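Structural overview
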Amino acid sequence: MTTDAGTLPPALAEIVEDFASSPPRDRLEMLLEYSQSLPSLPERYAAHPERLEPVPECQSPLFVATELDEERRVHLFVDAPAESPTTRGFAGIFHAGLDGLPAGDVLAVPGDVTSRMALAEVVSPLRLRGASALLGRVQRQVRDLLAGQ
Amino acid sequence: MALPHDPDPRLAEYAHPEKLVTTAWLAEHLDDPDLVVVESDEDILLYETGHIPGAVKVDWHTELNDQVTRDYLDAERFAQLMRAKGIGRDHTVIFYGDKSNWWAAYALWVFSLFGHPDLRLLDGGRAKWEAEGRPMTTDAPQRPQTDYPVVERDDARIRAYREDVLAHLGKPLIDVRSPDEYTGKLLHMANYPQEGALRGGHIPGARNVPWARAANDDGTFKSRAELEQLYRGEAGLAESDDVVVYCRIGERSSHTWFALTHLLGFERVRNYDGSWTEWGNAVRLPIERDLEPEA
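It is worth spelling out the packing of helix α1 (residues 10-20) of chain A against helix α4 (residues 85-98) of chain A at this point. Residue and element names in this part refer to chain A. With their axes 7 Å apart at the nearest point, α1 and α4 run at an angle of 135° to one another. On the basis of the axis angle, α1 is oblique to α4. Taken as a pair, α1 and α4 cross one another with a handedness that is right-handed. For the pair formed by α1 and α4, the contact residues are Ala11, Leu12, Ile15 and Phe19 on the first element and Ile93, Ala96, Gly97 and Leu98 on the second. Taken together, the residues that form the contact of α1 with α4 break down as seven nonpolar, one polar and no charged.

Next up, the structure:
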């Protein structure tokens, strides 16, 4: 598998490389760690879950909101239940790899990034579909925010 | 050596009470060397966040399925899997999992294809065990390899292929998907990924009994009387019927297969695991749709 890291933001490229170069057993363990590192929602979303957009392509409930700060940097807010660690893991990866980046960098992330992490063989392609859907939602929300500015 | 049955009076009313154990019974027998606990979940990482002490994980997608052909493991690879998990042919295997044991029932059904003698479900599954504050651990189980024999899979008894379903048309079929999938309004469960069915609807003549109607809110099975009312009363099944159950890929229908076979004592129930992801894509197979025309 070739990893075309050139088009990925450095933080996400590093995560992709970590996954792709690890033995399958370790990839699950890493995904679990990302599920644990997903930050909890700030009060303005925790108290108003309706402000988050559902991502129905995931097998488990997943909700996402995106904000742009004054410098047009993207901030991600994702919520998934503790009993859905795989979904939380995908969310944790994108949070670690994309949060705080300029909007243009987030929009430039290729849609196939999830397949470059070599996760399909450890979690199954079906479960991976939710991860691509999450990225798609984030990018669409960023485009909407830019259009609204 | 198989373990004694759980004598709990709540289970005694079922046709085969030996196929279920209560959380209290399992807690008491957890250290028995003749028992192996298997966790099977929808979420592949849930086990890693904490599991019943000593339980091994079996993933339906990456471990029980052949990764090339759409089929289950063959006899040789099933034996290899069992040896690696530390499961012997004489072990009593207790399955539990998330989502009211939906995937646990599926794993139990796949193990049944290989005729493993003593397979049971933990009534209420993972959620009930956790809700009762029973012990969970992230410690990996240490189980010695076994010499599990190579036993041929016997599909004919409890598994139906699409040819079998075609030959079965006119006899009782139970579609356990949600009403919107059954009528053809949705191609997949609400809030679940579209798994690629090209057509919506159901197999002609199938009755719709969503699988979760067999479960209580705490994940345990409904009482015998409630299950009788559901399947004999509402769905009109009789014990002597030849029944085929199906859903989307055969997982939810494994739960119904378990209820009909082991809790109500039906003798001829087959699970069509090709289910809607095969039937809804196959060329020239008959489909029924119940959608009301848009007003």
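Residue and element names in this part refer to chain B. Applying the stated criterion across every chain, the model contains 17 aromatic pairs over all chains. Measuring from ring centre to ring centre gives 5.8 Å for Phe78 and Tyr148, while their planes differ by 85°; the resulting arrangement is edge-to-face. Taken together, the residues span a long stretch of sequence, with Phe78 in helix α4 (residues 75-85) and Tyr148 in the loop between α6 (125-131) and α7 (162-168) at a distance of 70 residues. Under the relative-accessibility criterion, Phe78 is labelled buried at 2%. Put simply, the rings of Trp60, Tyr72, Trp102, Trp103, Tyr106, Trp109 and Trp211 pair up and form one aromatic cluster.

Taken together, the 19 residues of chain B in the interface contact 21 residues of chain A. Taken together, the two surfaces of chain B and chain A that pack against each other cover about 1,600 Å², and 56% of this comes from carbon and sulfur. At the boundary of chain B and chain A, one finds one salt bridge. Its salt-bridge partner being B:Glu48, residue A:Arg25 comes within 3.7 Å of it at the nearest N-O pair. Linking chain B with chain A are two residue pairs in polar contact (both at pLDDT 80 or more), by the criterion used here. At three residues, helix α3 (residues 60-64) of chain B tops the list of elements feeding residues into the side of chain B that touches chain A.

Residues and elements named next belong to chain A. Taken as a whole, α1 has its buried residues at Leu12, Ala13, Ile15, Val16 and Phe19. Projected down its long axis, α1 carries its buried residues within an arc of 160°, all on one side. Residues of α1 that are exposed and point more than 90 degrees away from the buried face comprise Pro10 and Glu14. Contact partners of the buried residues in α1: α2 (24-37) and α4.

Residues and elements named next belong to chain B. Taken in spatial order, the four strands of this open sheet run β7-β6-β8-β9, and their pairing is parallel. This sheet does not close on itself; its edge strands, each paired only once, are β7 (207-208) and β9 (268-272). The strands that helix α10 (residues 252-263) touches are β8 (242-246) and β9; relative to β8, the one it contacts most, it runs at about 155°.

Turning next to the packing of α1(A) against α2(A). Residue and element names in this part refer to chain A. Where α1 contacts α2, the axes come no closer than 9 Å and their chain directions differ by 145°. Between α1 and α2, the residues in contact are Ile15, Asp18, Phe19 and Ala20 and Arg27, Met30, Leu31 and Tyr34, respectively. Residues that form the contact of α1 with α2 fall into these classes: six nonpolar, no polar and two charged.

Rules used in this analysis
- Residues numbered from 1 in each chain as written.
- Chains lettered and ligands numbered in written order.
- Predicted model: local features only at pLDDT ≥ 70, side-chain atom pairs only at ≥ 80, totals over all residues.
- Heavy atoms only, no water.
- Axes fitted to C-alpha atoms, helices over the stretch in contact; angles between N-to-C directions.
- Helix = DSSP H or I, 4+ residues; strand = E, 2+ residues; numbered from the N terminus.
- Parallel < 35°, antiparallel > 145°, perpendicular 65-115°, else oblique.
- Left-handed = near helix turned anticlockwise from the far one by under 90°.
- Contact = heavy atoms within 4.5 Å.
- Nonpolar A, V, L, I, M, F, W, Y, C, P; charged D, E, K, R; others polar.
- Phe/Tyr/Trp six-rings, centres within 6.5 Å; stacked < 30°, edge-to-face > 60°.
- Buried < 20%, exposed > 50% of the residue type's maximum accessible area, 1.4 Å probe, protein only.
- Buried area = accessible area lost by both parts, 1.4 Å probe.
- Salt bridge = Lys/Arg side-chain N within 4 Å of Asp/Glu carboxyl O.
- Polar contact = N/O pair within 3.5 Å; in protein donor to acceptor, adjacent residues only side chain to side chain.
- Arc of directions from axis to C-beta.
- Pairing = 2+ DSSP bridges.

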